[in-house]
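Per-entry structural report
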Amino acid sequence: MCIEGYALNAPPFLMKAVHLGYTQSLALSHFQQATLSYGQACYVEAIQHYLAGLKLGAAQHHYIYADLAKAYEMVGEWDTALVCLDIALRLCPDSPTALRRKARILDEKACYNTLISLDDFKEPPPGQFLKQLQMSPTEISKQVVNSEFFDLTYHSEANPQTVWNICRLIYRTYSELGEVLGYYPASPVSISITNTNGRATSQRSMPRWASGCYDGGIRLEYCAAGEPVLSILYALLRHEWVHLLVHHLAHGHCPAWLDEGLAQSIARPMFQSERFDLQQAVQMKRLLPFTALNKPFNQLPAKYRKLAYIQSTAVAEFLIQQFGFPKIRKLLHQLGDGTPIEIAIEQVFGGNLTEIPFLQETEHIPNSVL
């Protein structure tokens, strides 16, 4: 009897077993692809594969839901991520991975919720703004807003309310950070915002659900299935705007640790998970040395980059709390005048670099980092 004939006449229990095996194999394929997509920062695509695998009704394991939660975390959908983690914990109540991720996501959600109140962004865009909003004749998804302080190009489909809310966040950033660092750009700042829609992108340094770059203008990317999470976009905008202000104040002479530390500490509060990682690095004597933190962070090995951001943020946080922003502004002006960082620190703070926490030379760091 041929195989096809045998399959058609197989007993029901065997047919069921064959179907179950095929379904589980297909589900596994989706889960493997989800892992691959996640590693490529294609978080929307990863979510789709996780959901497709779960819909097949294959054996459901707690770690699948825990991984799905992490993908939702990366696109800022914290509430959905928490639902997935609750399912994971019902399946395995003592899962350390699920418990750790739940604590981290709750902390992240609370942190970003302190940045803005969404109730403040329900005001509809005024008629004058709608007249000002320009649609590109060649790209349906491209929208342009030109104002006195910035030129915004939004490269993704979005309703006018979203673009209006983003413009309000830019105005707020311009005003608040200008007051903090004592500088307002003399000409409109070029700002480009794009939703990657889960497409593969180049490696990102921070945070992975969004990326930013200041290179004379500000370029922001985020990954979402739809509208951006305003609080995340706001933190990223603030981070890059600090880079813009520091560049003008220090004329390009600001060391990486101070530049990145100020940008990150002003952009948003540190997560508890970041403080824990910093504490672990201190206890294990794994802090990065000053020579490593002086480099642009994209030149560091990827495994040290996260610590470099956390460590620099802690340094900037200490300086701000200890001396205040007037002294920070004075330090940046000193650097802009060409004063070396070691001398500027002494002149402004009355101490030296080795007295600043988290900037001390440490041992056990591979030469490749130095």
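Small disclaimer: the values here were computed from a predicted structure and weren't measured.

1. Some remarks on the overall build of the protein
Along the backbone of the protein there are 15 helices and six strands. Buried positions account for 49% of the 370 residues belonging to the protein. Counting only carbon and sulfur atoms, one obtains 55% of the accessible surface of the protein, whose full area is about 18500 Å².

2. Examining the environment of Leu-258
Along the chain, the position of Leu-258 falls in helix H10 (residues 256–267). Separated by 57 residues in sequence, Leu-258 and Val-315 have C-alpha atoms that sit 7.8 Å apart. Setting aside chain neighbours within four positions, we find Leu-258 in contact with Leu-319, Leu-331, Leu-332, Leu-335 and Ile-341.

3. Observations regarding the environment of Met-270
Residue position: Met-270 is located in the loop between H10 and helix H11 (272–283). Put simply, Met-270 and Ala-314 are 44 residues apart on the chain and 8.4 Å apart in space, counted from C-alpha to C-alpha. Aside from chain neighbours lying at most four places away, what touches Met-270 is Arg-275, Ile-310, Thr-313, Ala-314 and Glu-317.

4. Things to note about the pairing of strand E6 (residues 218–222)
Side-chain positions along a regular strand alternate between the two faces of the sheet. The side-chain alternation of E6 yields one buried face, formed by Ile-218, Leu-220 and Tyr-222, and one unburied face, formed by Arg-219 and Glu-221. Where strand E4 (residues 189–195) lies against E6, five bridges are found, and the strand directions are parallel. What sits directly across from Asn-195, in E6, is Tyr-222.

5. Some remarks on the side chain of His-239
Here His-239 shows up in helix H9 (residues 230–250). Among the polar contacts listed, one links the side chain of His-239 to the side chain of Glu-260, at a separation of 3.3 Å.

6. A look at the nonpolar core
Counting residues in hydrophobic clusters, the biggest one holds 113 residues, and the most contacted among them are Leu-152, Ile-191, Trp-241, Trp-257, Leu-258 and Leu-332. Counting residues per element, this core draws most heavily on H9, which supplies 14 residues. Not counting chain neighbours up to four residues away, the residues in contact with Trp-241 comprise Ile-170, Thr-173, Tyr-174, Leu-177, Pro-185, Val-189, Ile-191 and Ile-218.

7. A word on the confidence of the model for the protein
The pLDDT averaged across the protein works out to 86; a share of 85% of its residues lies at or above 70. Between the elements of the protein, mean pLDDT differs from a low of 43, seen in helix H1 (residues 3–8), to a high of 98, seen in helix H14 (residues 325–336). Taken together, the stretch residues 13–20 has pLDDT below 50 and engages in three contacts with residues farther than four places along the chain or on a different chain. Low pLDDT, under 50, characterises residues 366–370; the stretch is placed with 12 contacts to residues that sit more than four places away or in other chains.

8. What about the packing of aromatic side chains?
What the rule picks out here adds up to 13 aromatic pairs. With a centroid separation of 5.5 Å and an interplanar angle of 20 degrees, the aromatic rings of Trp-78 and Tyr-112 are classed as stacked. A residue pair is termed long-range when its members are at least 10 positions apart, and Trp-78 in helix H5 (residues 78–91) and Tyr-112 in helix H6 (residues 96–113) qualify at 34 residues. Like Tyr-112, Trp-78 is buried. Considering the side-chain rings of Phe-323 and Phe-349, the 4.3 Å spacing of their centres and the 25 degrees angle between planes classify their relative orientation as stacked. Taken together, the residues span a long stretch of sequence, with Phe-323 in helix H13 (residues 302–323) and Phe-349 in helix H15 (residues 341–349) at a distance of 26 residues. The class of Phe-323 is partly exposed, set by a relative accessible area of 27%. An aromatic cluster of at least three residues, connected via ring pairs, comprises Phe-149, Phe-150, Tyr-171, Tyr-174, Tyr-184 and Trp-241. Looking at Arg-168, its charged tip hangs above the ring of Phe-121, at a distance of 4.9 Å from the centre.

9. With respect to H6
Look at H6: 26 Å from first C-alpha to last across 18 residues, which is about the 26 Å you get at 1.5 Å a residue. Here H6 has its buried residues at Ala-98, Arg-101, Arg-104, Ile-105, Asp-107, Glu-108, Cys-111 and Tyr-112.

Cut-offs applied
- Residues numbered from 1 in each chain as written.
- Predicted model: local features only at pLDDT ≥ 70, side-chain atom pairs only at ≥ 80, totals over all residues.
- Heavy atoms only, no water.
- Helix = DSSP H or I, 4+ residues; strand = E, 2+ residues; numbered from the N terminus.
- Buried < 20%, exposed > 50% of the residue type's maximum accessible area, 1.4 Å probe, protein only.
- Areas by Shrake-Rupley, 256 points an atom, 1.4 Å probe, with all protein chains shown as cover.
- Contact = heavy atoms within 4.5 Å.
- Pairing = 2+ DSSP bridges.
- Polar contact = N/O pair within 3.5 Å; in protein donor to acceptor, adjacent residues only side chain to side chain.
- Core = buried A, V, L, I, M, F, W, Y, C linked by side-chain atoms within 4.5 Å.
- pLDDT = per-residue confidence, 0-100.
- Phe/Tyr/Trp six-rings, centres within 6.5 Å; stacked < 30°, edge-to-face > 60°.
- Lys NZ or Arg CZ within 6 Å of the ring centre and 35° of its normal.
- Expected span 1.5 Å × (residues − 1).

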